[in-house]
Amino acid sequence: MKTIIKTESPGYLQMSLAAAMTLGLRPGIFYRGAKLSCINLLLTYGKGCAGSCAYCGLQRQRSGEFNRKSFIRVEWPAFSLAEIMARMKKHAAQIERVCISMVTRKSAANDTLLVIRSLEPLGKPVSVLMAPTILKREQIRQLKEAGAGIGSVAIDAATPGLFSRFRGQGVKGPHRWDRYWQCLGDAVEVFGAGKAGCHLIVGLGETEEEMAAAVQRVVDMGANVHLFSFYPEEGSVLEERSPCAAGRFRRLQLAAYLIQSGFTTFAGLSFGTSGEILDFGVDAAEAAIAIQSGAPFMTSGCPGSDGQVACTRPYGDGPPGDIRSYPFTPNMEDIAKIKMEIGDK
Ligand code: SF4
């Protein structure tokens, strides 16, 4: 009789290609010596995710086995939890954080708890990218008690209309705008201010003004903004859509950095007739210092023990030849390019 092995969570997890390279589970070196010190894991199920977000590679409608589908832009291979643990122990010196992305399935809450508890011997900080549609506030508390230190929510779309169109009723999906924001509020309450994060994707059709308003809302709640530049996922409903324009992303990276750092507010920004950012509400010298530092244009993600971003997601939202989120400090040439992009409307 043939034995069928279930390669599902919690016994199995998918892992970003970049994390697999970091752990030596996939060959390759990162372009320009980029480093990743966060191991990004994703729960995996034979039936996939119950959501059907238009931009995601895990959509129900897409053909292919779920654990072979890519989650975002690059391959997410599956490995056993035992193998992942063994590899993480071997490479412990390079690891500053582990992130578990849930998917929308009822069993995901308990499975995430099991995975977090299994990570304990490693002694590394843990983030959970939560699935608000299936997660109750009490379960968020359980995630914290199990050992997670940061809880994040991928609201992704900046407006209720875009959220509904790409994640909710527009794609017959189960996700609801209000529920996602409520979950972010719960995360701040449970994990504490500065220990909750919110993913937002620039380029889904919102104006820069709408995205800046969403950034301010997240910051006002006491959470951290993690910006992503939209890049079309092959096989998704939005596969034909153009990637987010560089200029739009750069202006929003700068605005988000200035808002999150307390240098400006949404009310201090000025916008043109199409909602494009015209002024950041800081004086020219201050803006120049921020731009020259390169910091606003680096990947925004959860930190390691040194306070630096551990979740650098190298080339996760754009190809190495047209970097959107820099996984390292941009050099002089990069800054010159960024300056041109900021002015490109
Ligand atoms: S920023 Fe990175 S580590 Fe933090 S929740 Fe998002 S994917 Fe996970």
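For the structure, see preceding data.
Residues numbered from 1 in each chain as written. Predicted model: local features only at pLDDT ≥ 70, side-chain atom pairs only at ≥ 80, totals over all residues. Heavy atoms only, no water.

*Asks:* It is not clear to me how helix 3 (residues 108-119) should be interpreted in this structure. Could you clarify?
*Replies:* Residue pairs three or four apart in sequence face the same way in an α-helix, which turns once every 3.6 residues. With 12 residues, helix 3 extends 16 Å from end C-alpha to end C-alpha; this agrees with the ideal 16 Å at 1.5 Å per step. Among all positions in helix 3, only Ala108, Ala109, Asp111, Thr112, Leu113, Val115, Ile116 and Leu119 are buried. The elements touched by buried residues of helix 3 are strand 1 (12-15), strand 2 (38-43), helix 2 (81-90), strand 4 (97-101), strand 5 (126-130) and helix 4 (137-146). (Helix = DSSP H or I, 4+ residues; strand = E, 2+ residues; numbered from the N terminus. Expected span 1.5 Å × (residues − 1). Buried < 20%, exposed > 50% of the residue type's maximum accessible area, 1.4 Å probe, protein only. Contact = heavy atoms within 4.5 Å.)

*Asks:* I would appreciate a short explanation of the site of the ligand in the present structure.
*Replies:* Cys38, Asn40, Cys99, Ser127, Ser152, His199, His226, Gly301, Cys302, Cys311 and Arg313 make up every residue found near the ligand. A class-by-class count of the residues in the shell around the ligand yields 4 nonpolar, 6 polar and 1 charged. (Near = heavy atom within 4 Å. Nonpolar A, V, L, I, M, F, W, Y, C, P; charged D, E, K, R; others polar.)

*Asks:* Teacher, can you tell me more about the side chain of arginine 179 here?
*Replies:* Along the polypeptide, arginine 179 turns up in helix 6 (residues 177-191). Although arginine 179 is buried, it makes no salt bridge; aspartate 186 carries the closest opposite charge, 4.2 Å away. Looking at arginine 179, its side chain comes within polar contact range of the side chain of glutamine 182, at 2.7 Å. (Lys, Arg positive; Asp, Glu negative; His and termini not counted. Salt bridge = Lys/Arg side-chain N within 4 Å of Asp/Glu carboxyl O. Polar contact = N/O pair within 3.5 Å; in protein donor to acceptor, adjacent residues only side chain to side chain.)

*Asks:* Help me out: how do you make sense of the pattern of salt bridges in this one?
*Replies:* Any two side chains of opposite charge can pair, given that their charged atoms come close. Under the defined criterion, the tally for this structure stands at 11 salt bridges. Ionic pairing is found between arginine 141 and glutamate 138, a salt bridge with its closest N-O pair at 4.0 Å. Here arginine 141 pairs with glutamate 138, and both are found in helix 4, just 3 residues apart, close to one helical turn. Under the relative-accessibility criterion, arginine 141 is labelled partly exposed at 30%. Between arginine 251 and glutamate 208 there is a salt bridge, and its shortest N-O distance comes to 2.9 Å. Here arginine 251, found in helix 8 (residues 246-260), pairs with glutamate 208, found in helix 7 (residues 208-221); they are 43 residues apart in sequence, far enough to count as distant. Among the ionic contacts, a cluster of salt bridges with common partners joins Arg137, Glu138, Arg141, Asp186 and Glu189.

*Asks:* So what exactly am I meant to see when it comes to the packing of helix 2 against helix 3 here?
*Replies:* A pair of packed helices can be characterised by two numbers: the angle between their axes and the separation between those axes. Running from amino to carboxyl end, helix 2 crosses helix 3 at an angle of 30°, the nearest separation of the two axes being 11 Å. Judged by the angle between their axes, helix 2 and helix 3 are roughly parallel. Once helix 2 is placed against helix 3, the crossing between them reads as right-handed. Taken together, the residues of helix 3 that come into contact with helix 2 (itself represented by Leu81, Met85 and Met88) are Val115, Ser118 and Leu119. Taken together, the residues of the contact of helix 2 with helix 3 break down into 5 nonpolar, 1 polar and no charged. (Axes fitted to C-alpha atoms, helices over the stretch in contact; angles between N-to-C directions. Parallel < 35°, antiparallel > 145°, perpendicular 65-115°, else oblique. Left-handed = near helix turned anticlockwise from the far one by under 90°.)

*Asks:* What is the right way to look at the environment of isoleucine 39 in this model?
*Replies:* Mapped onto the elements of the fold, isoleucine 39 is located in strand 2. A residue is classified by how much of its surface remains accessible, and isoleucine 39, at 0% relative accessible area, is buried. Sequence-wise, isoleucine 39 and tyrosine 257 are 218 residues apart; in three dimensions their C-alpha atoms are separated by 24 Å. Excluding anything up to four places from it in sequence, isoleucine 39 contacts Met15, Ala19, Thr22, Leu23, Met88, Ile95, Arg97, Val98 and Cys99.

*Asks:* Where do I start with helix 4 in this structure?
*Replies:* Buried within helix 4 are the following residues: Ile140, Leu143 and Ala146. The buried residues of helix 4 all sit within an arc of 120° when viewed along its axis, so they share a single face. For helix 4, the secondary structure elements touched by its buried residues are helix 3, strand 5 and helix 6. With its phi angle positive at about 135°, glycine 147 sits one or two positions after the end of helix 4. (Arc of directions from axis to C-beta.)

Honestly, that's just the spatial picture; any functional story needs more than this.
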